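Overview (structure and organization)
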Amino acid sequence: MSENYVAPNQQRYLRACMVCSIVMTQARFREEGCPNCEEFLHLQGSPDQIESCTSAVFEGLIALADPTKSWIAKYNRLDGYVRGTYANKVLGQLPDEIRTMLEEEYRIQYIPRDGSATEAD
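Residues numbered from 1 in each chain as written. Predicted model: local features only at pLDDT ≥ 70, side-chain atom pairs only at ≥ 80, totals over all residues. Heavy atoms only, no water.

Moving on: the packing of aromatic side chains. Applying the stated criterion across every chain, the model contains two aromatic pairs. Ring plane angle 50 degrees and centroid distance 5.7 Å describe the contact between F40 and Y106, whose orientation is recorded as tilted. Taken together, the positions of F40 in helix α2 (residues 38-41) and Y106 in the segment after α5 (96-105) put the pair 66 residues apart, joining distant regions of the chain. Judged by its relative accessible area of 29%, Y106 is partly exposed. With centroids separated by 6.3 Å and ring planes inclined at 15 degrees, the aromatic side chains of Y81 and Y86 adopt a geometry described as stacked. Classification of Y81 by relative accessible area gives partly exposed; the value is 24%. (Phe/Tyr/Trp six-rings, centres within 6.5 Å; stacked < 30°, edge-to-face > 60°. Helix = DSSP H or I, 4+ residues; strand = E, 2+ residues; numbered from the N terminus. Buried < 20%, exposed > 50% of the residue type's maximum accessible area, 1.4 Å probe, protein only.)

Right under this line is the structure:
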């Protein structure tokens, strides 16, 4: 079986990262953290951080085998991320203190993936 396979009885535990929108089980976020955002979100082993930075409410799924060559990855701002399953929209936004930390310490502009804000062109 693939490492990204989720058994039907585990689908209720799926969550999406609010920064990159990757979809994984809550247990996998706890064990491995986010493969794209771990260096600044620190989800691994932190249930509180997983609760704050991921959401169980998301719409649509995108399966990316090669994000560097996919036009849909570029369209959804996923082209720099790892292969995997991503949500089209993730409901919710990061807490203010995490947003501030991203912008001030890591120089990362947070754009919510819930459709409430659009990227400035």
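Quick look at the environment of E38 now. The topology assignment puts E38 in helix α2. For the pair E38 and R77, spaced 39 residues apart in sequence, the C-alpha to C-alpha distance is 18 Å. Residue contacts for E38: discarding those within four places in its chain leaves E32, G33, L43 and Q44. (Contact = heavy atoms within 4.5 Å.)

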